[in-house]
Amino acid sequence: MAGGSMENAMVGGGYTDEPHVLAVDDNLIDRKLVERLLKNSSCKVTTAENGLRALEYLGLGDEKRTALEDNVSKVNLIITDYCMPGMTGYELLKKIKESSSLKEIPVVIMSSENIPTRINKCLEEGAQMFMLKPLKQSDVVKLRCNLMNCRS
């Protein structure tokens, strides 16, 4: 499709290579689905099964402070499930937005529950978008456009 290659050329101008997305979800099937949709849209994907693992990868975990600069520079977007054991997506969002080195990274929250108060709470805390699960390829295309606009 000619439109697809044009979009990829435009995106290539904004990044040294494809955007790197950190996808966080405790459900393996949902995580694999998000990973495949993102890869179909020419994104590099790193997955984490919970908020604590995501924070470790980003350098905010207790024992991984040295990883901070290396990984942060590579992550262009974080997409996280809302309902996860241990740390919710909302709590992860708050930690990211409280960090001086991470707060500029756009965070997208996903949930299978359409609860307006929850959605508003996440957006007020700094989420870039709130998306309903299951995600579709069209959602990821919209996400890519949003990412290009906010990072250019």
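Residues numbered from 1 in each chain as written. Predicted model: local features only at pLDDT ≥ 70, side-chain atom pairs only at ≥ 80, totals over all residues. Heavy atoms only, no water.

With that settled, consider the nonpolar core. With 23 residues, the main nonpolar core has Leu-22, Val-24, Ile-78, Ile-109 and Cys-122 as its most contacted residues. Secondary-structure elements contributing two or more residues to this core are strand E1 (20-24), helix H3 (51-58), helix H5 (89-98), strand E4 (107-111) and helix H6 (116-124). Per element, the largest residue contribution to this core is four residues, and it comes from H5. For Cys-122, the contacting residues outside a window of four places in its chain are Tyr-82, Tyr-90, Leu-93, Ile-109, Ala-127 and Phe-130. Within the second largest apolar cluster, 17 residues are counted, among which are Val-21, Ala-23, Val-140 and Leu-143. (Core = buried A, V, L, I, M, F, W, Y, C linked by side-chain atoms within 4.5 Å. Buried < 20%, exposed > 50% of the residue type's maximum accessible area, 1.4 Å probe, protein only. Helix = DSSP H or I, 4+ residues; strand = E, 2+ residues; numbered from the N terminus. Contact = heavy atoms within 4.5 Å.)

On to the side chain of Asn-76, then. Within the fold, Asn-76 resides in the loop between helix H4 (68-72) and strand E3 (77-81). Taking relative accessible area as the criterion, Asn-76 reaches 11% and is therefore assigned buried.

Of all the residues in H5, the buried ones are Gly-89, Tyr-90, Leu-92, Leu-93 and Ile-96. End-on, the buried residues of H5 take up no more than an arc of 160°, which puts them together on one face. Packing partners of the buried residues in H5 comprise E1, H3, E3, E4 and H6. (Arc of directions from axis to C-beta.)

As a further point, take the sheet that holds strand E5 (residues 129-132). Spatial strand order, E2-E1-E3-E4-E5: five strands in an open sheet with parallel pairing. Lying at the two open borders of the sheet, with one neighbouring strand each, are strand E2 (44-48) and E5. Looking at each pair of strands side by side, their axes are set apart by 20° on average, direction ignored. In this structure, E3 lies alongside E4, joined through four bridges in parallel fashion. When the sheet's bridge partners are listed, Thr-80 is paired in E4 with Ile-109. (Pairing = 2+ DSSP bridges. Axes fitted to C-alpha atoms, helices over the stretch in contact; angles between N-to-C directions.)

Another point: the packing of aromatic side chains. Under the defined criterion, the tally for this structure stands at zero aromatic pairs. One residue, Lys-121, lies across the ring of Tyr-90, its end atom 4.3 Å from the ring centre. (Phe/Tyr/Trp six-rings, centres within 6.5 Å; stacked < 30°, edge-to-face > 60°. Lys NZ or Arg CZ within 6 Å of the ring centre and 35° of its normal.)

What follows covers the environment of Met-87. With respect to the helices, strands and loops of the structure, Met-87 is situated in the loop between E3 and H5. According to the relative accessible area criterion, Met-87 is buried, its value standing at 7%. A C-alpha to C-alpha distance of 5.5 Å links Met-87 and Gly-51, two positions 36 residues apart in sequence. Beyond its immediate chain neighbours, meaning those up to four positions away, Met-87 contacts Gly-51, Leu-52, Leu-55, Leu-92 and Lys-95.

A few words on the pairing of E2. The side chains of a regular strand alternate between both faces of the sheet. Examined bridge by bridge, E1 and E2 share five bridges and lie parallel to one another. Looking across to E2, one finds that Ala-23 is bridged to Thr-47. In the classification by handedness, the crossover that spans E1, the intervening helix H2 (residues 28-40) and the parallel E2 is right-handed. (Right-handed = clockwise from strand over helix to strand, strands pointing away.)

Look at the UniProt record and you will see "modified residue: 4-aspartylphosphate" (unreviewed entry) annotated at Asp-81. Tracing the backbone through its elements, the reader meets Asp-81 in strand E3. Residue classification places Asp-81 among the buried positions, given a relative accessible area of 5%. Excluding its chain neighbours within four sequence positions, the residues that come into contact with Asp-81 are Val-24, Asp-25, Asp-26, Gly-89, Met-110, Ser-111 and Lys-133. (UniProt positions renumbered as here; feature names shortened; annotations may be inferred.)

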